[in-house]
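A look at the structure
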Amino acid sequence: DVSLDDLVHQLVEDRSLEALEFLTGSRNEDVLEELVIAAGRILGDDQQDDADDEIVDTIRQRLIEVKATGPLIDALGIDNDPVTQEFAMGCLAEIGDMVALDPLIKILEEGSPELKTVAASQLALLTNYDHGPDAKKWREWNLRRIDGLQEQALEDAEENARRLNLRLKGTHVTEDQDPQH
């Protein structure tokens, strides 16, 4: 029986494809977290080659496929190395989950100049907007986005209530029909 640490060691040190296959076959949060760190360690290796790129790409694809936002956001922690943080930011932008906004904005506020540049470009990829490395503008944009989502949810709820009320009264309403006209 092989431990998680042993498998990660085999993957990072020996570039074991068996270990890679086993680890990427899991949805376990701890395993996914270790995969993020392993990718960072492989990317940070000075002796990196094409096989390493394939391993890292396999890890990236798996993390994106299972939408591993939790382990990826955890990897953004200030105590992690910049290579791992950069890898995690790229995966988060590809996943496209807006839950990554706040952690990426936090890097704009607290990260190194290099990480701030990466965070700004990943935020632009994630949102299709570009406020550069200006954390304040990103925070304001995010607040407007959240307000808009809340307003839309309220409008949707009111519309659903109106439709239900009309149905209860016996009036059939289709999606594109407005009975008021």
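One structure accompanies this document, and this report is about it.

Reading guide: rules and limits
- For every chain, the first residue of the written sequence is number 1, and numbering continues from 1 along that sequence.
- Predicted model: local features are reported for residues with pLDDT of at least 70 only, side-chain atom pairs are reported and counted for 80 or more only, and whole-chain, interface and lining totals are derived from all residues.
- To get the side-chain values, take all heavy atoms of the structure and skip hydrogens and water.
- Secondary structure counts use DSSP, requiring at least four H or I residues in a row for a helix and at least two E residues in a row for a strand, with both numbered from the N terminus.
- Throughout this description, buried means an accessible area under 20% of the type-specific maximum (1.4 Å probe, protein chains only), exposed means over 50%, and partly exposed covers the range between.
- It only takes one pair of heavy atoms within 4.5 Å for two residues to be counted as in contact.
- Residue burial considers only the protein chains on display, and all accessible areas are found by Shrake-Rupley using a 1.4 Å probe.
- Residues scored as positive are Lys and Arg, those scored as negative are Asp and Glu, and His as well as the terminal groups of each chain are ignored.
- Positions of charges follow a simple convention, taking NZ of Lys, CZ of Arg, CG of Asp or CD of Glu.
- Take a side-chain nitrogen of Lys or Arg and a carboxyl oxygen of Asp or Glu: if they are within 4 Å of each other, that pair is a salt bridge.
- Helix axes use the C-alpha atoms of the stretch in contact, all axes being lines fitted to C-alpha atoms, and the angles between their N-to-C directions lie in the range 0 to 180 degrees.
- In these notes the angle categories are as follows: under 35 degrees is roughly parallel, over 145 is roughly antiparallel, 65 to 115 is roughly perpendicular, and the rest is oblique.
- Left-handed is the label given to a crossing in which the near helix is rotated counterclockwise from the far helix by less than a right angle, and right-handed is the label when the rotation is clockwise.
- Under the scheme applied here, ten amino acids are nonpolar (Ala, Val, Leu, Ile, Met, Phe, Trp, Tyr, Cys and Pro), four are charged (Asp, Glu, Lys and Arg), and all others, including Gly, are polar.

**What about the overall build of the protein?**
Along the protein, the regular secondary structure elements total nine helices and zero strands. Its helices and strands in sequence order give the protein the pattern α-α-α-α-α-α-α-α-α, from N to C terminus. Expressed as lengths along the three principal axes of its C-alpha atoms, the size of the protein is roughly 70 × 40 × 25 Å. Burial statistics for the protein: of 181 residues in total, 38% are counted as buried. At a minimum sequence separation of 6, the contacts of the protein that also span at least 24 residues come to 59%. Split by element, the accessible area of the protein, about 11,000 Å² in all, is 48% carbon and sulfur. Here the protein contributes 17 positively and 42 negatively charged side chains, and the mean placements of these two sets differ by 11 Å.

**Description of the pattern of salt bridges**
This structure, assessed with the given rule, holds ten salt bridges. One salt bridge connects Asp52 with Arg15, and the closest N-O pair in it is separated by 2.7 Å. Residue Asp52 is located in helix H4 (residues 50-65), and its partner Arg15 is located in the loop between helix H1 (4-14) and helix H2 (17-24); the two are separated by 37 residues in the primary sequence. Asp52 gets classed as buried once you look at its relative accessible area, which sits at 3%. The residue Glu159 makes a salt bridge to Arg162 at a minimum N-O spacing of 2.7 Å.

**Quick notes on the packing of helix H7 (residues 101-110) against helix H9 (residues 135-168)**
Two elements in contact, H7 and H9, have axes whose closest approach is 9 Å; the angle formed by their N-to-C orientations is 160°. The angle between H7 and H9 falls in the class roughly antiparallel. Regarding H7 and H9, the two cross each other, and that crossing is left-handed. Contacts from Leu101, Asp102, Ile105, Lys106, Leu108 and Glu109 of H7 reach H9 at Ala135, Trp138, Arg139, Trp141, Asn142 and Arg145. Its residues assigned to classes, the contact of H7 with H9 shows six nonpolar, one polar and five charged.

That's the geometry; what it means functionally is another story.
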